[in-house]
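Descriptive analysis of the structure
The residues making up each chain are set out below.
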Amino acid sequence: MKKLFLGLALLSFAACETSTVESEEISDMIKAESIEDFSCINQQADNPPLLSDAQTKIVGKWQLKGIISMMPATEIPNIKVEFKEDGGVFVTKDGQNVYTDAYSVIEKTENGYTSIQVITDNLMDGFNENNIVKGTLRICDNEMMIDQGIAFDAPGYLFRKLSE
């Protein structure tokens, strides 16, 4: 009985040993592109696309390729956005869904300036860091920019369309 107790005691002491295992944070980063690499959307700075064209071109899968911000980065997170024809939008980061909502592409005129906007249904979602799909839209066949207010130090997101 003493041997059994001694054996269990030794096992419990051995189980109390701690070992440090360095955890690696897995994040697939991709090389960032700059705004200069997006020649088509640069031409839309003062000439927004037609609303009907924007509503058609946005449908599909898009890869984040750059972020316009106060702190330029050479690598960005692996984020993909899919705009569905039925009005659903899905944002994935490293293959995991991080944001889902409904979206609309609308025309907005303010102070004599007309722009194309992407809006989402969740009005209280202003603080969700994964809602990168809401803002002023510039879009071409294979390039897209969603500007959340770069003139006021908010980010702008640059995307390239993925082939289906």
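Scroll up for the structure.
Here's a quick rundown of the structure.

**Observations regarding the pattern of salt bridges**
- The full count for this structure, using the stated rule, is 5 salt bridges.
- Residue Glu110 pairs with Lys108 through a salt bridge whose shortest N-O separation is 3.8 Å.
- Given the relative accessible area of 48%, Glu110 is considered partly exposed.
- On the basis of relative accessibility, which here comes to 36%, the residue Lys108 falls in the partly exposed class.
- Among the salt bridges present, the one from Glu143 reaches Arg160, with a minimum N-O distance of 3.6 Å. Linking Glu143 in strand 9 (residues 143–147) with Arg160 in strand 10 (residues 156–161), this pair joins segments that are 17 residues apart in sequence.
- When salt bridges that share partners are traced, they join Glu33, Glu143 and Arg160 into one network.

**Brief notes about the sheet that holds strand 9**
- The antiparallel closed barrel is built from 8 strands, whose spatial order is 2-4-5-6-7-8-9-10. Taken pair by pair, the neighbouring strands of this sheet meet at an average axis angle of 35°, ignoring direction.
- As paired elements, strand 2 (residues 60–68) and strand 4 (residues 79–83) share 4 bridges and run antiparallel to each other. Bridging from a neighbouring strand, Lys61 pairs with Glu82 of strand 4.

**Overview of the nonpolar core**
- Core analysis: the largest hydrophobic core is formed by 25 residues, its most contacted members being Ile58, Val81, Phe83, Val133, Leu137, Met144 and Phe159.
- Elements represented by at least two residues in this core include exactly strand 2, strand 4, strand 5 (88–93), strand 6 (96–110), strand 7 (113–120), strand 8 (135–139), strand 9 and strand 10.
- Formed by 5 residues, the second largest nonpolar core is a distinct cluster that contains Phe38, Ile41, Cys140 and Met145.

Scoring rules and cut-offs
Residues numbered from 1 in each chain as written. Predicted model: local features only at pLDDT ≥ 70, side-chain atom pairs only at ≥ 80, totals over all residues. Heavy atoms only, no water. Salt bridge = Lys/Arg side-chain N within 4 Å of Asp/Glu carboxyl O. Buried < 20%, exposed > 50% of the residue type's maximum accessible area, 1.4 Å probe, protein only. Helix = DSSP H or I, 4+ residues; strand = E, 2+ residues; numbered from the N terminus. Pairing = 2+ DSSP bridges. Axes fitted to C-alpha atoms, helices over the stretch in contact; angles between N-to-C directions. Core = buried A, V, L, I, M, F, W, Y, C linked by side-chain atoms within 4.5 Å.

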